[in-house]
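Next come the chains, spelled out residue by residue.
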Amino acid sequence: MHTLFHTLTLLFALAVGVTGIQAHAYVDRQAGESVSAYADTTCPSGSDRAQSMVENFLTNPNLADARQETGTTSLSVDQIQSVSDPDVCQQLNDEFSASIDGYNLAYFKIGDFYFASQILKQSENTNEVVVGLSFIYILDGNLNFIKGYSG
């Protein structure tokens, strides 16, 4: 499992840093109904993997252009904090509610920015491995979308 995590992290770095694959944070609010698991102001618990994705974004030399493009060049891993403000979590939960079924979400505050990660959920069947892209989104201090990346 540890090897799988490192492989996915490497794929993320390569996809974003080398090929520049970008994900656009567009959530079809018309199609998505309120998801009961996040209908309240619960902040999703961040995982080590989610934090590693954010740390990779902040430190990977291949992502220097992405940091420049999003205005996050001055941020450091020492500033990473899991979001626990119920109002902020409610807004982010509303924004990403269409992704809850297929992804584990985590929210981080770093300086004047918010980062949201979407990591593909694995099957509960240990004989199945789910493969696909995970996403990281950067939002400003007012929760306005800046840019999203996939890997």
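Residues numbered from 1 in each chain as written. Predicted model: local features only at pLDDT ≥ 70, side-chain atom pairs only at ≥ 80, totals over all residues. Heavy atoms only, no water.

*Asks:* Got a minute to help me understand helix α4 (residues 86-96) in this structure?
*Replies:* Owing to its 3.6 residues per turn, the α-helix brings residues three or four apart onto one side. Those residues of α4 that sit buried are Val88, Cys89, Gln90, Leu92, Asn93, Glu95 and Phe96. Looking at the packing, one finds that the buried side of α4 touches β3 (103-110), β4 (113-120) and β5 (135-139). The N-cap residue of α4 is Asp85: its side-chain oxygen and the backbone nitrogen of Asp87 are 2.8 Å apart. (Buried < 20%, exposed > 50% of the residue type's maximum accessible area, 1.4 Å probe, protein only. Helix = DSSP H or I, 4+ residues; strand = E, 2+ residues; numbered from the N terminus. Contact = heavy atoms within 4.5 Å. Polar contact = N/O pair within 3.5 Å; in protein donor to acceptor, adjacent residues only side chain to side chain.)

*Asks:* How should the pairing of β5 be read in this particular structure?
*Replies:* Regular strands place side chains that alternate from one sheet face to the opposite one. Among the 5 residues in β5, 5 count as buried, and that is most of the element. Pairing analysis gives 5 bridges linking β5 to strand β6 (residues 145-150), with the strands arranged antiparallel. Paired with Tyr137 across the strands is Gly148, a residue of β6. (Pairing = 2+ DSSP bridges.)

*Asks:* Can you help me understand the state of the cysteines in this one?
*Replies:* Every disulfide links exactly two cysteines, by a covalent bond between their sulfur atoms. In total, this model carries 1 disulfide according to the counting rule given. Through a disulfide, Cys43 is tied to Cys89; the S-S separation comes to 1.8 Å. With the S-S dihedral at roughly 105°, the linkage between Cys43 and Cys89 falls on the right-handed side. Highlighted residues: Cys43 in the loop between β1 (22-23) and α2 (48-59) and Cys89 in helix α4, separated in sequence by 46 residues. (Disulfide = S-S within 2.5 Å.)

*Asks:* Is there a simple way to think about the pattern of salt bridges in this case?
*Replies:* Note that side chains of opposite charge can pair when their charged atoms are close. Applying the stated criterion across every chain yields a total of 1 salt bridge. The salt bridge involving Lys147 is made with Glu69; its shortest N-O contact spans 3.1 Å. In this pair, Lys147 sits in strand β6 while Glu69 sits in helix α3 (residues 64-70), placing the two residues 78 residues apart along the sequence. Classification of Lys147 by relative accessible area gives buried; the value is 17%. (Salt bridge = Lys/Arg side-chain N within 4 Å of Asp/Glu carboxyl O.)

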